[in-house]
Amino acid sequence: MTNHNENFETTLITASTRGDYETKTGAVNIPIYVSSTFDQEHFDSFGPFDYSRSGNPTRQALENTIAELEHGTRGFAFSSGIAAIASALLTLNAGDHIVITSEVYGGTYRFVTKVLPKYNITHTFADFSNLTEVEAAIQDNTKVLYAETPANPLLGITDLSGVIALAKKYQLKTFVDNTFMTPLYQKPLDLGADVVLHSATKFLGGHSDIIAGLAVTKDEEIGNDIYFMQNSMGAILGAQDSFSLIQGIKTLNARLTLESASAEKIAHFLEESDYVTAVHYPGLTSHPGHTTHFKQATSAGAVLSFELPSKEFTKVFVENVQIPIFAVSLGGVESILSYPVTMSHAAIPKEERDKRGITEGLLRLSVGLENVDDLIQDFEQAFAKAVEATAVK
């Protein structure tokens, strides 16, 4: 049973153990139910679980947890973030249309442009920081407005209240990718969104050890639709990974609070650097979405991106950085430096990347739990090596 008097930080710890299992043993953790099937006591009526694709007690504890944290009705756990996104979008029908933010994760771009057309579901990209452009993209067969805020990789900000108002005006649904903020910092359902999506691989998991996706719905009807897709396609999260994700969620506040404070300090350092041509971080007052972001979120988060003078400079810098790992993904306890052109947004053709400002000098940084001064010193020495190698003044 939800305790509505709890603060969010407390709910992160307690939500997963609501139910009857803790009263049976006193266990402080949900058990890992590694069972594919469940014995039924009666011939003509089944219990709450019958087959783990359709439902598993460990996964249900996770799904109930994310629903509670996002203030939603139902939660769903998938085998990856893109599986959650795909399942939500496949609740649409042939002939439907979506309007989707131009700045979007590369895997989402690939699914929308390469997979949905096979089902005769069409799309229009729009700049979601411009509500006039979003409204102009709406067609008679539009069913969903799809936002990602802050967006990947330039940290563009969508005015969620404005987009949701447009959706209500035209009787559309609003889907929001909340991966960067998590429910710790932003709750789109409270603003009127219909579905919230997460790559839980990132900050919710927090330890770079699982691949997982989550979806949360505002009402039962769309929850039933997503459950149908989850059960039909079978892209469910296993019991062991569900347990690991529950454990990651418990430490979300402690991790992300420190990581976000470090990210803000690094963003200011980069903004003052002679070798950085642009910094994208909503915590900076120079960010065009700064004011809008803080109307709907309580922190700027732990992800930022920055641009260096050239691909050559960027290559030398990356090869001389010592503390952050250079890798795909984000949201781990270790700082992760990524190159969107060949990593997160490689699925987007070059001409489309260029239109979106994803340049060959762009790097994305997910700030981890290392000492922030060590990270800044590491960047300083890597900048010095890049300057020496490329003769940048």
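In case you missed it, the structure is sitting above this.
Presented here is an overview of the structure given in this document. Just so it is clear, the model here is predicted, and its values are computed rather than measured. (Residues numbered from 1 in each chain as written. Predicted model: local features only at pLDDT ≥ 70, side-chain atom pairs only at ≥ 80, totals over all residues. Heavy atoms only, no water.)

Now for the pairing of strand β5 (residues 173-177). With 4 of its 5 residues buried, β5 lies for the most part within the structure. In the sheet, strand β4 (residues 142-148) pairs with β5 via 5 bridges, with the strands oriented parallel. The residue of β5 that forms the bridge with L145 is T174. Between the parallel pair β4 and β5, the chain is carried across by helix α7 (residues 160-169), and the sense of this crossover is right-handed. In terms of strand pairing, β5 meets strand β6 (residues 195-199) through 3 bridges, oriented parallel. By the bridge assignment for β6, V176 is matched with V196. (Buried < 20%, exposed > 50% of the residue type's maximum accessible area, 1.4 Å probe, protein only. Helix = DSSP H or I, 4+ residues; strand = E, 2+ residues; numbered from the N terminus. Pairing = 2+ DSSP bridges. Right-handed = clockwise from strand over helix to strand, strands pointing away.)

Turning next to the packing of helix α3 (residues 57-69) against helix α11 (residues 239-250). Running from N to C, α3 and α11 cross one another at 35°; their axes reach a closest spacing of 8 Å. As for how α3 packs across α11, the hand of that crossing is left-handed. Residue-level contacts link T58, R59, A61, L62, T65 and L69 of α3 to A239, S242, F243, L245, I246 and I249 of α11. (Axes fitted to C-alpha atoms, helices over the stretch in contact; angles between N-to-C directions. Left-handed = near helix turned anticlockwise from the far one by under 90°. Contact = heavy atoms within 4.5 Å.)

Centre distance and the angle of the planes are the two values used to describe a pair of aromatic rings. One pass over the structure, following the stated rule, counts 10 aromatic pairs. With a centroid separation of 5.3 Å and 85° between ring planes, the pair formed by F317 and F379 is classed as edge-to-face. Separated by 62 residues along the polypeptide, F317 in helix α14 (residues 311-320) and F379 in helix α16 (residues 372-390) bring together distant segments of the chain. Take F379: its relative accessible area is 2%, and that puts it in the buried class. Through a chain of ring-to-ring contacts, the aromatic side chains of F269, Y275, F306, F313, F317, F379 and F383 assemble into a single cluster. Across the ring face of F125, the terminal group of R356 is positioned such that the distance to the ring centre comes to 4.9 Å. (Phe/Tyr/Trp six-rings, centres within 6.5 Å; stacked < 30°, edge-to-face > 60°. Lys NZ or Arg CZ within 6 Å of the ring centre and 35° of its normal.)

Here we take up the sheet that holds strand β2 (residues 97-101). Taking strand neighbours across the sheet as the criterion, the 7 strands line up as β1-β7-β6-β5-β4-β2-β3 in an open arrangement whose pairing is mixed. A single partner strand is all that each edge strand has here, and the edge strands are β1 (74-78) and β3 (122-126). With direction set aside, neighbouring strand axes in the sheet form an average angle of 20°. Here 4 bridges tie β2 to β4, and the two strands are oriented parallel to one another. Opposite I98, over in β4, you have V144 as the bridge partner. Strands in contact with α7 are β4 and β5; relative to β5, the strand with the most contacts, it is inclined by about 155°.

Another aspect to go through is the environment of H293. Positionally, H293 belongs in helix α13 (residues 290-296). Through-space distance from the C-alpha of H293 to that of N320 is 34 Å; in sequence the pair is 27 residues apart. When near neighbours in sequence (up to four residues on either side) are disregarded, H293 contacts P150, I157, M181, Q186, P282, S299 and A300.

Moving on to the sheet that holds strand β11 (residues 336-338). The strand order across the open sheet built from 5 strands is β8-β9-β12-β11-β10, with neighbouring strands paired in mixed fashion. Taken across any chain shown, the strands that pair with only one partner, and hence form the sheet edges, are β8 (278-280) and β10 (325-326). In the sheet, β8 pairs with strand β9 (residues 303-307) via 3 bridges, with the strands oriented antiparallel. The residue bridging V279 from the neighbouring strand is F306, located in β9. Packing against the sheet, helix α12 (residues 252-271) makes contact with β8, β9 and β12 (362-366), and its axis sits at approximately 10° to β9.

On to the nonpolar core. Of all hydrophobic cores here, the largest spans 50 residues; its most connected members are L62, V99, F128, L145, L204, L214 and L245. Non-local contacts of L245, meaning those with residues more than four positions away in its chain, are made with L62, A200, L204, G205, I210, A212, L214 and L237. Of all hydrophobic cores here, the second largest spans 35 residues; its members include I266, A267, L308 and V387. (Core = buried A, V, L, I, M, F, W, Y, C linked by side-chain atoms within 4.5 Å.)

With that settled, consider the pattern of salt bridges. According to the stated counting rule, one finds 9 salt bridges in the structure shown. With a closest N to O distance of 3.3 Å, R59 and E63 form a salt bridge. Linking R59 with E63, this pair stays in helix α3, spanning 4 residues, or about one helical turn. E63 matches R59 in its accessibility class, with the two residues each being buried. Measuring nitrogen to oxygen at the nearest pair gives 2.8 Å for the salt bridge that ties K350 to D354. Note that K350 and D354 are positioned in helix α15 (residues 350-355) at a spacing of 4 residues, about one turn of the helix. Under the relative-accessibility criterion, K350 is labelled partly exposed at 45%. (Salt bridge = Lys/Arg side-chain N within 4 Å of Asp/Glu carboxyl O.)

What follows concerns the packing of helix α4 (residues 81-89) against helix α5 (residues 106-115). Running from N to C, α4 and α5 point in directions that differ by 35°, and their axes come no closer than 10 Å. Classified by chirality, the crossing of α5 by α4 is right-handed. Where α4 approaches α5, its residues I82, I85, A86 and L89 are matched on the opposing element by G107, T108, F111 and V112. Across the contact of α4 with α5, the residue classes break down as 6 nonpolar, 2 polar and no charged. (Nonpolar A, V, L, I, M, F, W, Y, C, P; charged D, E, K, R; others polar.)

What follows covers helix α10 (residues 220-233). In a regular helix each residue adds 1.5 Å, so 14 residues correspond to 20 Å; α10 covers 20 Å between its end C-alpha atoms and thus fits that length. Every buried residue belonging to α10 is among I222, G223, I226, M229 and Q230, and all of these are buried. For α10, the arc enclosing every buried residue in end-on projection is 125°, short of the 170-degree limit, so these residues lie on one face. Exposed positions of α10 whose direction lies more than 90 degrees from the buried face are E221 and F228. Where α10 begins, one side-chain oxygen reaches toward the backbone nitrogen of E221, 3.2 Å away; that side chain belongs to D219. Residue G234 follows α10 closely and has a positive phi angle near 75°. (Expected span 1.5 Å × (residues − 1). Arc of directions from axis to C-beta. Polar contact = N/O pair within 3.5 Å; in protein donor to acceptor, adjacent residues only side chain to side chain.)

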